[in-house]
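What follows is each chain in one-letter form.
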Amino acid sequence: KIRVKFTSSNMTARDLVQARIPELQTGFPLVTCDPPSLMPLDSSWVMQRFLDIYKPQLIVLIESELWPCMIHHASKRGIRIILLDARLSSKSIRNWQRNRYAKSLIQAMVSKLDAVVAQSDSMRDQLVDFGARKDKIYSAPSLKFLNGANVEPSKQATVL
């Protein structure tokens, strides 16, 4: 069995995941899900404790959920990190580029990602400019287009 722990940055997303867990476990019988929770505070000691408790083998981030301390400590432990449906707003891109400290932070984060699936070719190129490895970044349509689509979970996994 594969043990999955979902976290989110807000209550609405957490509740949505909680509602979809039975469907996920029906579509993927080898998956067992822990109750979803809110993402813990992204501080060094909290993330180290979180990683100690759950001992993940893989971390999957969605969209623009980049957590510097988590990425740093997970990478240091050899935990693989994937960013799916990657996107940054044009305002975020400007903010990351404007400040050299912010730019070095995003470069440090994206360079530690083992794989990235960007929402578009232009977003893929932007993330490469920020330091994502060219051989580990791809582009594909947004996962949100699969939400509510009449697609079996096993076929959704194939799309990914």
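Along each chain, residues carry numbers from 1 onward, in the same order as the chain's sequence is written. Only residues with pLDDT of 70 or above have their local features reported here, since the model is predicted, and side-chain atom pairs are shown and tallied only from 80 upward, although totals for entire chains, interfaces and linings are computed over all residues. Side-chain metrics in this entry use all non-hydrogen atoms of the structure; hydrogen atoms and water are not considered.

A. Representation of the overall build of the protein chain within the structure. Helix numbering and strand numbering both begin at the N terminus, where a helix is a DSSP run of H or I of at least 4 residues and a strand a DSSP run of E of at least 2. When helices and strands are tallied, the protein chain shows 7 helices and 8 strands. Atoms considered for the radius of gyration are the C-alpha atoms alone. The globule rule reads 2.2 Å times the number of residues to the power 0.38. For a compact globule of 160 residues, the expected C-alpha radius of gyration is about 15 Å, and the protein chain comes in at 16 Å, within 12% of that figure. Projected onto its principal axes, the C-alpha positions of the protein chain cover 45 × 35 × 30 Å. When burial is assessed residue by residue, the protein chain has 31% of its 160 residues classed as buried. Contact criterion: two residues are considered in contact whenever any of their non-hydrogen atoms come within 4.5 Å of each other. Long-range pairs, those at least 24 residues apart, make up 52% of the contacts in the protein chain between residues at least 6 apart in sequence. Accessibility throughout is a Shrake-Rupley quantity obtained with a 1.4 Å probe, and a residue counts as covered only by protein chains that appear here. On the protein chain, roughly 10100 Å² of surface is accessible, and the fraction owed to carbon and sulfur atoms is 55%. Counted as positive: Lys and Arg. Counted as negative: Asp and Glu. His and the chain ends are not counted at all. Every charge is mapped to an atom, namely NZ of Lys, CZ of Arg, CG of Asp or CD of Glu. With 23 positive and 14 negative side-chain charges, the protein chain shows a separation of 5 Å between the mean positions of the two kinds. Buried means the residue's accessible area, taken with a 1.4 Å probe over protein chains only, is under 20% of the maximum for its type, while exposed means over 50%, and partly exposed covers the values in between.

B. Inspection of the environment of Arg133 at higher detail. Here Arg133 lies in the loop between helix H6 (121-129) and strand E8 (137-139). A relative accessible area of 34% means that Arg133 is categorised as partly exposed. As for Arg133 and Arg49, which are separated by 84 residues in sequence, their C-alpha atoms are 29 Å apart. Non-local contacts of Arg133, meaning those with residues more than four positions away in its chain, are made with Ser111, Leu113 and Asp114.

C. Spotlight on the packing of helix H4 (residues 90-98) against helix H5 (residues 100-111). Two elements in contact, H4 and H5, have axes separated by 5 Å at closest approach and are oriented at 110 degrees. Between H4 and H5, the angle falls in the class roughly perpendicular. Contact residues: Asn95, Trp96, Gln97 and Arg98 in H4; Arg100, Ala102, Lys103, Leu105, Ile106 and Met109 in H5. All residues other than Ala, Val, Leu, Ile, Met, Phe, Trp, Tyr, Cys, Pro, Asp, Glu, Lys and Arg, Gly among them, are scored as polar; the first ten of these are nonpolar and the last four charged. Considered class by class, the residues forming the contact of H4 with H5 number 5 nonpolar, 2 polar and 3 charged. Axis geometry follows a simple rule: fit a line to the C-alpha atoms, using only the stretch in contact for helices, then measure angles between N-to-C directions, giving values from 0 to 180 degrees. Roughly parallel refers to an angle under 35 degrees, roughly antiparallel to one over 145, roughly perpendicular to one between 65 and 115, and oblique to any angle outside these ranges.

By themselves, these are just geometric observations and shouldn't be taken as functional.
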